[in-house]
Every structure is written in C-alpha cells, then in structure tokens.
Amino acid sequence: MARRKKTAASARSSGNRTGSRGLRRFVVRWGLLLVVATILAAGLYALYLDGTVRAKFEGKRWALPARVYARPLELYAGRPLSVESLTGELERLKYRRVQSPKYAGTYSRDGDRFVVHTRPFRFWDGSEPERLLDIDIQKGKVAGLEDGAGGPDPALVRLDPVLIASIYPTHNEDRVLVRGQDLPPLLVATLLAVEDRDFYEHWGVNPRAIARAVWHNLLAGGIVEGGSTLTQQLVKNFYLSDERTLARKLNEAFMAVLLDWHYEKSEILEAYANEIFLGQDGNRAIHGFGLASRFYFNRDLDELGIAETAMLVALIKGPSYYDPRRHSERARTRRNLVIDTLRARGIISEGQAKAAKEAPLGVSDQGGRPAGAYPAYLQLVRRQLQRDYREEDLRSEGLRIFTTLDPLVQSAAEEAVRKRVPELERSRKLPSGSLESAAVVTSAAQGEVLALVGGRDPEYAGFNRALEAVRPIGSLIKPVIYLTALSHPDRYNLATPLSDSPVSLRTGDGKLWRPDNYDHKSHGRVPLYKALAKSYNLATVNLGLEVGLDEVLRTLGNLGVSRPVDPVPALLLGSVSLTPVEVAQVYQAIAAGGFRAPLRSIREVLDASGRPLNRYPLAVEPAADATAVYLTTWAMEQVVRQGTARSLKKRLPSGLTVAGKTGTTNGMRDSWFAGFSGDKVSVVWVGRDDNKPIQLSGASGALPIWGDIMVSVDNRSLPELRPEGVEDVRIDPRNGLLADAGCRRAMTIPVSAAGTPDATSDCGRAVVSADPKTAKKEAGSDKVDNKRAGGGFGEFMRGFFGN
Amino acid sequence: MNKRLPILVLVSGLAACASYERAGPPAPVVTAGRQPAVQTPAKPVQTPPPEEKVEVYAYRPPATAPDAPVPSEAAPAEGAGNLSAGPVSEAATPAPGGAIPQGTGGGAPPSSEPPGEKVSTPTLTPAPEVVVAHVPPPPSTPTLSPAADSLIKKAEQERQAGDYVGAAATLERALGIQPQEPYIWNRLARVRMEQGLYAQAGTLALRSNALAGDQAVLKQDNWRMIAAARRAVGDTAGAAEAERKAQGG
C-alpha cells in the first residue's frame, strides 16, 4: 500500500512535471507556428504588392487622351489671308507675342509684317521643322514669305495645327508626357531640394527624414514638414487613394520599398514627374510637370526660369491651396520659400534668388483648355471615329486625330449665327429663344467639312441640328429636278418653255393636291432657267411630273441621299426631309461639277508616337452628267442674279460669282439657303425646334446668315470654264428657240451641243410687221407672261431689273 | 516534427525574399507600354511609311449605316495584284513595273489576293503598267502656283518611290491650294492607277478633263488613263471610245 501510495505520489509528481513542460512546449510550438504564419502572410502580401507595383509600372502606365487637331494653316505667297485671320490663328495656337521671337511658339508683329517662330510638328506625311518665318501681308493676301534666318525662302509652310479637343480618359486626367532625360536639371534639383533631399541615397523610405519631420513638427506645434520620399508620394498618387489611415501609410511604405528595389532612381523620378497632381482645370485634372508648365505659364518645360520652376515645385504641397491664379499671395510666399531653399542649398546664387523672388508670378491666362470648344464639330468627328475605333481606344491610346475643321471658317459661321438669329427672332416677334439655326460649310472639290454649327448658341453641346435635325427641304429640291431634266439635252435646255399653270393631282389616299406659287399667280410659259431662278412651284411640278418621279429620286440618290424618300408628287416641292449635312452633300456634288466626294471630317489618325494608323483619302464618285450640272449651276447663278436671292448680290465682293437656292417650306416653318462659290459649299437652316411657323422665307431668314459667312471667308469664284460642247447661244426666252440678231428680247444662254434648239424663233421678224393691229395682237398674245405689254424696250428694262 | 518546422520556415522565408527578375523593360514614358518611340528610326520624307499599318478605303458619310469598307477599293491588296504579269502582248517593261512592288505596295497585308488568281483573269492585266511605263507625266502647266508646284514635285518623288499613299496625301494637299487645277487631278488619277484603284483613277481623270479646257496634251493623257481603267474593269466598249478620244476623235 505504501508502494502504491508512493507510486501514486510519484505518478502525480511526475505528472506535474510533464504538465509544465508540456505547457511550455505548447506555447513554443504554437508561438513558432504563429511566427511562421505571420511571416508567410507577410511574404504573400509582399508578393501581391510586388505584383501590383510591377504590373502597373511595366505595363500601360497612363491612359492618354486622344488629341483632335484642326487643319493646319498653310502659308504661301498669294494666299488670301487677312491680318486678323493670321492673328486669330496665332492666338488659337497660343503663340505669345514678344519683342523678339527667340523661342518656338512666339511671334512679333510690326504692322502688317509678322515674324513667327514656328513650333516643329510631326504630321502624317512628314515633319514640319522649327522655322523663323517672315510673313508680309498686303491687301488681304500673303505678299511675301521669307525665311527669317536667312535660309532659302520656303514655297509652302504649314503651321502646327490647332488642338481643338482632347478626348479624356474616364478619370479625366490629362498630361503631357516628359521623358526623364528631358527634365530640366534645375527642375530636378529644386524638386529634390524641397521634397526629398536624400532621394538617391535612401531605399524607398527614409527613416531619417521621418524622424526629422517629426522633430520639426513637434517644435513647430503643427505639421510643417513631411517625411515622405518622392517614391512614397509616387506610390500614393499612382497606386493608392488619398486616405490618411495608418494602414494606407504602411502599405505605402511597403510598396515604396518594393518600388525602389525593382527600379532605378531615374525611372522613379520620371514617373513621378509625370504623375504628380498639380492643378485642376474645370473637370480636367492636370498631372505632371509637362502639362503644368503649359497650363500655368503657356510655355514648355525647358523654357521656364528659376521663378517659374520654383512655383511648380511649390504647388506640389497643395495645388488648390497654392493656386497662383486664385491665391496669388500664398502662392508667392510659398514660391519664395522654395527659392530660399534653393539658395540655402547653393543651387542658385544670391543674385539669382533675389531676382527670382522679385519676379511676378508670371501666370498666363492662355494655358487653359484647348482653344474653342467646337462641340458640334466634335460630334461629327466622334460619329466618324466610332466606325473604326472603340470608345476605350479613343480615351486611352493617345491617338492623334487630324480633322478638316478650318477654325477661320468655323468662327465666321458661329459669328454669323450668333448675331443674326436674335435679330431675326425680334424682327418676326417670335418668343425669345425659340428660333434656332444650323450651318454647314464644306470644301467644294473634296467635300471636307470646314465648319459645323449645331444651334444658335454654338458653344452649347446639345442637340446638333446640323447633324440631327431632319427637316423638309422645300425648294432646295428644285435644282435636283432641273438637273434631272437637263440630263436629257434632247428634250430640255435652259430656255425650254415650261408651263407655270395650275395643276391638281389625286394623291394615293384619294385627296386632291393643288400646289400653288408663292405669289399665288400663274406665270404662263416661262423659260426653264427662270422657273428655277424665281422658284415657280407650278412650273417645277409640271416639269417634275413630265420627267418622272422615279428619275428625280434616282438623281437624288446619286447625289448622295441615302435616306428613304416617299415617292409622292409632293416631293417635287420638297416634302423630302433631310439634315443640313445631307443637303450639303447634295450641293457639294453639284458644286464639284457632278463629282460627288463623300463628306469627311477626318483626314488621318496617328498613334501616340506619331505613326499612321488610318488615312481617309479623297474618294470621288461620278454622280451626274457634267454638262447637265454645269447648266443647272448656271441657272442657280441666276437665282442670285435675278431670282429669289438677289438681295445677296450687293453684299458679295465684286467679281465673286456664287450659285444657290432658297428654300421655304409649307407654312413658313423652315428657312433654307444652300449655295456654293468656286471652292466652298454652305448650307444654312433656320427654324423652330417645335416646328411652329417662323414667318421667314429662305431669302429673309437663312440667306442673310449665309451671306455673312461667305462674305467673311475667302472664296474663289465659280470657274468660267465650260465643259466640252457647251456654247453660248442667243435664244428667244418666250419660246426657247434660236433668235437672230434682230430679236431684241433675245438673251444669251449656254447650251450643250445636243441641246441646241433646231428651230429659229421669228421674234426678230415679228416686229417688222407694219400693221398696227397685227403688231398689237402679237405683242399681247403672250400677255400671261407679263402684265405690262410692250415692245423691246419694256422687255429690255424688265430683263435688266428682274421681274 | 520539431526539427522540420524551422527548416520549413527557412525555406519559405528564402522563397519569399528571393528577388524576381523583371519581366520586361519598364514602360517607356512616351508610348505607355508599346515600343518606345526612340527605337523607331527617324524616317526621311522620301521613304515610304510602313504600308501594312495604313488602311485606305473609301469613306462613308455618317448617314449610312456603318459597314465594311468597299472591298474593291482596298488599296494594298491591288498593289500586290499588279505584280503578276498576265499575258501581255506589249513588252511590259519591268523597270517601273518591277520597282513598284519593292516599294511598300508589295508589303501587302494578308488580305491581298494571291497573285496566282490575277494571272487567270487576263482582263486584269497590267496594261495600265504599260501606260505608266511608257508615258511620262505631261509637262507641268504654267498655271501652277509655286506652292502647288513644290507639292507636285514632292508627290512625284513619292510616286516614283512607290509611296502611293503619301503621294495621294500630298496631292490632296495641293488640291486644297488649287482645287480647279486639272493637272493635280491628273496626277492623283495616275497615283490611283498605280495603286490599282481603277474606278477611282477613271473618275479622277474625268474630273481633270472637265477642268482641262483646251489643254490637249493633258486631256490626251487623261483619256488614255480612262481607257486603261475601263479596260481593267472589263468595259471594252468604253475603253475603245476613250482610246478614240485620246487620239483626238
């Protein structure tokens, strides 16, 4: 029993000893496991962070916005260009006016003589080098173009194109990338001196700097210094959000170490210089020194002096707080602090520091968003881009898009609309703001869209009427009908008498359609050209029915209309509904002699490094017979000379011939004018969005705006060149037959060889009749044509002044 | 187990601390992930740009539904087609005809038809090649302004070098300066001819004729091109008529 007790006792004591040892072992084992787990977890997390850091640094770093450019201004001797136009373009290009243009992007002006230091630009088809240009403008033309540096005079120079828009990435950041080697040494020195003194020595995190900052902050009683390295700041901006939690700080430190481990200091510096947030421009965030330098000072980074460089670095601490435009005093104080730091570090001399501190802030007004908004034009550009590019590509690949926009023409169009629409509204006592307008200007030969105005307020990016407002075109259809007729020269020429007499048709739904002339009169037999010039509805309907609706529609399709059209007789008076851009396409085909060029607004697209991706070339389709088009154009010239648009005549510069057509719809709800000179086609529409009557005809509404535009831009006259086989011929306008010398009412018209009338009128001989009774009877026989009877003199005077 | 644990820790620790080789170069600043621009040699204007990247096709206006580009007008494909000499009666001088494929016209994208196909359709012979080979460009007209003239010279150089897309771009620029000058339209027609865009070439030559007035030499060149273009698309009657007009008939 004692042995058993002993055993039990010993057993108990040994069990106790095992228990404490077991506990220790337990603690050690689980502690070790915990440590291992922690290390593993940390290691895995480190791997994850490492992957993140590298992926972004080595992958696609920044989504670059697409840049959209207007057409470059081409300068050559003899080019029509006014001083105002050149100045306007230089201002849009943000060229600074200086005394002596030393840097690219500057110009000097002495009266009509400009010395422009152009910026180099890499176009699709080659580079335009940096140049010193001596431009002499006289009488609205470029009189001389010389090389200011004494080299050979260039025959043709392109200025860099105006940047009209950037299509931003969805986060709305914008930057101009600067390579590490292109960073000015002064900027780098300033940056390091202020933000991270031991940048090249530390390993991502700088404990000494942190300790120093803590010490200074304690001394100062607030936050006066930060201990973050550039690397840490880069991590914060590049990878992380802006929270200020401890967890984020730790993450930041960790990633900074990893970043520093993997990459060279120079690479980190380069990334920093392009990432740092330096300001806000509306909803566009300014990142990187390259863009900041342009945004604040309208200069490139390498043009900045000590004061400006110090200002940029000063902004890092708080771009909004130290915004030099809004808080100039604070900005100046901080800038001077930076300059003092530079002085203290021996980077600049005492004299330089003093001069820099006294210098003004130097902030420019011009560095903001691209010149002019052009939202309507951009909508057209986007529409055409969407065919070939996805939205993500547009926003991120840094594409460079070269458009056909001509800022000179665009501003003329915008000005005309802005000025006239309120005047027209007042003149007809319409509710304020109800009258709207749209305008399109294209080049005649190539169909390039030069200007687009989508509404009475061109800056407003809303409903784009030029692209989207589908409205009945009214009499704008008439040239198409006449063109169709003139394509049959054996049946119709410009003098063929048409019957301007009442017509009534039973339409498909049983109703009776009885069109009428604008002045509610019938004019009897009228020559074809006159029916177009005066826009006689009845004559046109009769002609259109004779020619056939199918043919008219076919012509319309050939001229570029793809919208389906209801084949009813009312289409002859323009129940066809089109957008202004579609009308412009039709009139471009006519203006180009029957050679339709599909309208385009983009010339080419390059990638971010300037390599060509896409080119949109000129493509020409034969749309109509050249001779018929020539004759139709002649008739449309009469619209301006003696027809419904004759109020335009006195406004145009002498020697400029234009052709066009007024358009007014039923109930005067739409007012149109579409016309062209030798090199430009322009279409203007005026109306109300709610389609209520506006009491304006084509001549009283759209025509003044059209005139304003055409008068403000440079135009070539219509070519006088005739197609083969077209000759001038004297005819009798009363019957369309040839007239001999004795015919006093004869007029000269062009006819094609196949369209020459074969019979001669007896008008020259009719006057010879001695019998007064017969003479009077003959004189009065066509009384329907004109109220005032009379012989040759009356005809002559009427022909001179128009009917 | 107690012995293996520290070894496990050591091994995993080593693995975690091992530095990883960078997978590739860091993203260059300018091109954000693509080939850095500095590696691309600066191109002088004369040499043709990389054609395979450039797509040239007839533009569609916004009103039409987006659809594929008109296949017949796809430029580079035709460039390869020109290579194959079909049975041609006239001695096809190889020099200019041969020079063309060495330009970037030969670097056609995979979508081009194989030359074999072209041989079997004799209508698509390089008869236009013959026209190109024998007829020098008509003399430059005095109505050209110096600016347009410099562009035409540049375009001519580009055309000789085989850079058709560049030549067309330069000529379009010249047209912006003098849109009613028939000589420029004629040159553009020639470029389209050499690209194999016969329909376009014919239309542009017609356009040139409409503006040419009584410039007989220019008109003759235009009619010859129209004839060749019509022949190339199989319109023999039209080609004959154009030939007649070229002779002055």
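Located above this text is the structure these notes cover.
Overview of the structure. Positions within a chain are numbered from 1, following the residues in the order the chain's sequence is written. Here every chain gets a letter starting at A, and every ligand a number starting at 1, in the order they are written. The predicted origin of the model limits local features to residues at a pLDDT of at least 70 and limits the giving and counting of side-chain atom pairs to 80 or more, whereas totals for whole chains, interfaces and linings rest on all residues. With hydrogens and water set aside, each side-chain value is computed from the structure's full complement of heavy atoms.

Some details on a nonpolar patch on the surface
Residue and element names in this part refer to chain A. Counted only if it meets this: Distance thresholds for patches are 9 Å for like charges and 5 Å for nonpolar side chains (Val, Leu, Ile, Met, Phe, Trp, Tyr), applied to residues having over 30% relative accessible area and no salt bridge. Surface exposure here means Shrake-Rupley accessible area, sampled with a 1.4 Å probe, where a residue is shielded only by the protein chains that are shown. Think of a salt bridge as a Lys or Arg side-chain nitrogen and an Asp or Glu carboxyl oxygen that are within 4 Å of each other. Only DSSP runs of H or I reaching four residues or more are called helices, and only runs of E reaching two or more are called strands; each is numbered from the N terminus. Each residue is placed in one exposure class: buried if its accessible area under a 1.4 Å probe, protein chains only, is under 20% of its type's maximum, exposed if it is over 50%, and partly exposed if it falls in between.
A cluster of nonpolar side chains, namely Leu23, Phe26, Val27, Trp30 and Leu33, defines an oily patch on the protein surface of about 520 Å² accessible area. Tracing the chain through its elements places Phe26 in helix H1 (residues 2-58). What makes Phe26 partly exposed here is its relative accessible area of 47%.

Details of the pattern of salt bridges
Following the criterion strictly, the structure yields 56 salt bridges over all chains and no others. The shortest N-O distance in the salt bridge between A:Asp160 and A:Arg119 comes to 3.0 Å. Here the residue A:Asp160 occupies a position in the loop between strand E10 (157-158) and strand E11 (163-167), and A:Arg119 occupies one in the loop between strand E5 (113-117) and strand E6 (121-123), the gap between them amounting to 41 residues. Taking relative accessible area as the criterion, A:Asp160 reaches 7% and is therefore assigned buried. In this structure, the salt-bridge partner of A:Asp340 is A:Lys357, at a minimum N-O distance of 2.8 Å. Note that A:Asp340 is positioned in helix H10 (residues 328-344) and A:Lys357 in helix H11 (residues 350-358), a separation of 17 residues in sequence. Salt bridges linked by common partners bring A:Glu448, A:Arg600, A:Arg603, A:Glu604, A:Arg615, B:Glu172 and B:Arg192 together as one network.

Concerning the sheet that holds strand E13 (residues 277-281) of chain A
All names here are of chain A. Rules: For two strands to be treated as a pair, DSSP must find no fewer than two bridges joining them. Throughout, an axis means a line fitted to C-alpha atoms (over the contacting stretch in the case of helices), and angles, computed between N-to-C directions, take values from 0 to 180 degrees.
Spatially, the 3 strands line up as an open sheet ordered E12-E14-E13, and their pairing is mixed. Strands with a single pairing partner mark the edges of an open sheet, and in this sheet they are strand E12 (173-175) and E13. Across the sheet, the axes of successive neighbouring strands diverge by a mean angle of 30°, strand direction being ignored. Looking at chain direction, E12 and strand E14 (residues 284-287) are connected through 3 bridges and run parallel. The residue bridging Glu173 from the neighbouring strand is Ala285, located in E14.

What about the nonpolar core?
Residues and elements named next belong to chain A. Short version of the rule: In plain words, nonpolar cores are sets of buried Ala, Val, Leu, Ile, Met, Phe, Trp, Tyr and Cys residues tied together by side-chain atoms within 4.5 Å. Residue contacts are defined here by distance: any two heavy atoms, one from each residue, within 4.5 Å place the two residues in contact.
Counting residues in hydrophobic clusters, the biggest one holds 115 residues, and the most contacted among them are Ile135 and Leu452. When residues of this core are assigned to their parent elements, the largest contribution, 8 residues, is made by helix H20 (residues 580-591). Excluding its chain neighbours within four sequence positions, the residues that come into contact with Leu452 are Ala376, Tyr377, Leu380, Gln410, Ala439, Val440, Asn464, Ala466, Leu467 and Val581. Trp62, Ala193, Tyr263 and Leu342 belong to the second-largest nonpolar core, a separate cluster that totals 61 residues.

Focus: the environment of B:Ser150
Here is the rule we go by: Under the rule applied, a polar contact is a pair of N or O atoms within 3.5 Å (in protein, one hydrogen donor and one hydrogen acceptor; residues adjacent in sequence only if both atoms are side-chain atoms).
As for its placement among the helices and strands, B:Ser150 is situated in helix H6 (residues 146-161). Between the C-alpha atoms of B:Ser150 and B:Leu188, which are 38 residues apart in sequence, the distance is 15 Å. Those residues within four positions of B:Ser150 in sequence are excluded, and the remaining contacts are A:Ala155 and A:Leu156. Only 2.7 Å separates the side chain of B:Ser150 from the backbone oxygen of B:Ala147, close enough to count as a polar contact.

A few points about the sheet that holds strand E32 (residues 737-738) of chain A
Residues and elements named next belong to chain A. Pairing is antiparallel in the open sheet, where 3 strands are placed in the order E32-E31-E33. Each of the sheet's edge strands pairs with one partner strand only, and the pair in question is E32 and strand E33 (747-752). Pairing between strand E31 (residues 726-732) and E33: 6 bridges, direction antiparallel. Bridging across to E33, Asp728 finds its partner in Pro750. Contacting E31 and E33, helix H21 (residues 626-641) crosses the sheet at an angle of about 160° to E33.

Overview of a positive patch on the surface
Heads up, the rule is: Charge assignment: positive for Lys and Arg, negative for Asp and Glu; neither His nor the chain ends contribute. A single reference atom marks each charge: NZ on Lys, CZ on Arg, CG on Asp, CD on Glu.
A cluster of basic residues, A:Arg21, A:Arg24, A:Arg25 and A:Arg29, forms a positive patch at the surface. Structurally, A:Arg24 can be placed in helix H1.

A word on unusual backbone geometry
What you tend to see is this: most non-glycine residues have negative phi, and most peptide bonds are trans. All names here are of chain A. In this structure, Lys139 takes a positive phi of about 55° despite not being glycine. As for its position among the elements, Lys139 is in the loop between strand E8 (132-138) and strand E9 (141-147). The phi angle at His520 is positive, at roughly 60°, despite the residue not being glycine. If you trace the backbone, His520 turns up in the loop between strand E21 (512-513) and strand E22 (524-527).

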